[in-house]
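# Chain and residue survey
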Amino acid sequence: MRFTAFLVAVGAMVAGAPAFAAPVSLSFQNAGTTAMTVSRVNTCGVLAPTPTTVNIGTTSAVSSTDCGSAASAANVTYRMGTKQCIFRISTIFTPGNPILGTSGYWTPNANTEASGGATCRVVSQDVSGVFTTGAFKAVFSMR
C-alpha cells in the first residue's frame with residue numbers, strides 16, 4: 001500500500017511538470033566606443049547562434065538555448081579592453097504541489113555584473129511567454 005501511495009504521489013508531481021521547453025533568448029547592444037568581444041559562454045544547452053563580436057553602435061543576432069522543461073540558463077561574458085560584462089538570463093520552473101493544490105510557475109531572471117569600469121544593463125525583457133511556456137527574452141547592453 002505504501003508503494004502504491006508513493007507511485008500516485010510521484011505520478012501527480014510528474015503530471016504537474018510542464019510538457020514544453022523553456023527557451024531563453026538574448027541579444028547584445030554595443031553602446032561603447034570599441035568592439036565587444038566574447039570571452040566566455042556558459043550555458044546548460046547549446047546557445048545558437050554562438051555570440052560573436054558586436055561592433056560599435058550595433059546589436060547582435062538573437063541567440064537562444066533550450067535546456068528542457070524545468071529550466072534554461074545562459075551566461076555570456078563580453079569584454080571591451082579592460083571592461084567586462086557578465087550577462088545572465090534564466091527561467092526556472094517550480095512545480096505545483098498537488099497536495100496543497102498550488103500551481104506550478106516560471107521565474108524569469110536577467111541580470112548583469114560589471115567590472116573594469118564597464119556599464120552593463122538589461123535594456124529590455126519580454127516575459128509575454130514565460131507564464132505559458134517559460135520562454136523569456138532579454139536585450140543587454142555594454143558601454
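Owing to the predicted nature of the structure, the values given are computational and were not obtained by experimental measurement. Residue positions within a chain follow its written sequence, with the count starting from 1. Totals for whole chains, interfaces and linings use all residues, but because this is a predicted model, local features are given only for residues with pLDDT of at least 70 and pairs of side-chain atoms are given and counted only at 80 or more. Excluding hydrogens and water, the side-chain figures rest on all heavy atoms present in the structure.

## Structural notes on the state of the cysteines
Definition in use: Criterion for a disulfide: a pair of cysteine sulfur atoms at a distance within 2.5 Å. A run of H or I in DSSP counts as a helix once it spans at least four residues, and a run of E counts as a strand once it spans at least two, with each numbered from the N terminus. Relative accessibility decides the category of a residue: with a 1.4 Å probe and only protein chains considered, values under 20% of the type maximum give buried, values over 50% give exposed, and everything between is partly exposed.
This model, assessed by the stated rule, comprises two disulfides. The disulfide partner of Cys44 is Cys67, and the gap between their sulfur atoms is 1.8 Å. When the S-S torsion is 90°, as for the bridge of Cys44 with Cys67, the disulfide is right-handed. With Cys44 in the loop between strand 2 (37-43) and strand 3 (63-65) and Cys67 in the loop between strand 3 and strand 4 (71-80), the pair connects residues that are 23 residues apart, well separated along the chain. Cys44 gets classed as partly exposed once you look at its relative accessible area, which sits at 46%. Each sulfur in the disulfide pair Cys85 and Cys120 lies 1.9 Å from the other. Between Cys85 and Cys120, the S-S torsion sits near -90°, and that sign places the bridge as left-handed. Here the residue Cys85 occupies a position in strand 5 (residues 83-94), and Cys120 occupies one in strand 7 (residues 120-126), the gap between them amounting to 35 residues. Counting its disulfide-bonded cysteines in sequence order, the protein shows a connectivity of 1-2, 3-4.

## Things to note about the side chain of Ser60
What counts is decided by this rule: Throughout, a contact is declared for two residues whenever any of their heavy atoms are within 4.5 Å.
Here Ser60 is to be found in the loop between strand 2 and strand 3. Filtering out sequence-adjacent residues up to four positions away, Ser60 remains in contact with Ser27, Phe28 and Val54.

## Some points on the side chain of Thr65
Test applied: As used in this structure description, the phrase polar contact means that two N or O atoms lie within 3.5 Å; if the pair is within protein, one of them must be able to donate a hydrogen and the other to accept it, and residues adjacent in sequence are counted only when both atoms belong to side chains.
You can see Thr65 is positioned in strand 3. Engagement of the side chain of Thr65 in a polar contact is seen with the backbone oxygen of Val46, the distance being 3.1 Å. Once residues within four sequence positions are removed from consideration, Thr65 is found in contact with Ala22, Pro23, Val24, Thr43, Gly45, Val46, Leu47, Ser72, Ala73 and Ala74.

## Thoughts on the packing of aromatic side chains
The description of two aromatic rings rests on the distance between their centres and on the angle between their planes. Using the following cut-off: Pairs were defined over the aromatic rings of Phe, Tyr and Trp, the Trp ring being its six-membered one, requiring ring centres within 6.5 Å. Orientation was assigned from the angle between planes: stacked under 30 degrees, edge-to-face over 60, tilted for the rest.
Under the definition given, this model contains six aromatic pairs. A centroid spacing of 5.1 Å and a plane angle of 45° characterise the contact between Phe87 and Phe140, whose relative ring orientation is tilted. You can see Phe87 sitting in strand 5 and its partner Phe140 sitting in strand 8 (residues 136-142), a full 53 residues away along the chain. For Phe87, a relative accessible area of 0% gives the class buried.

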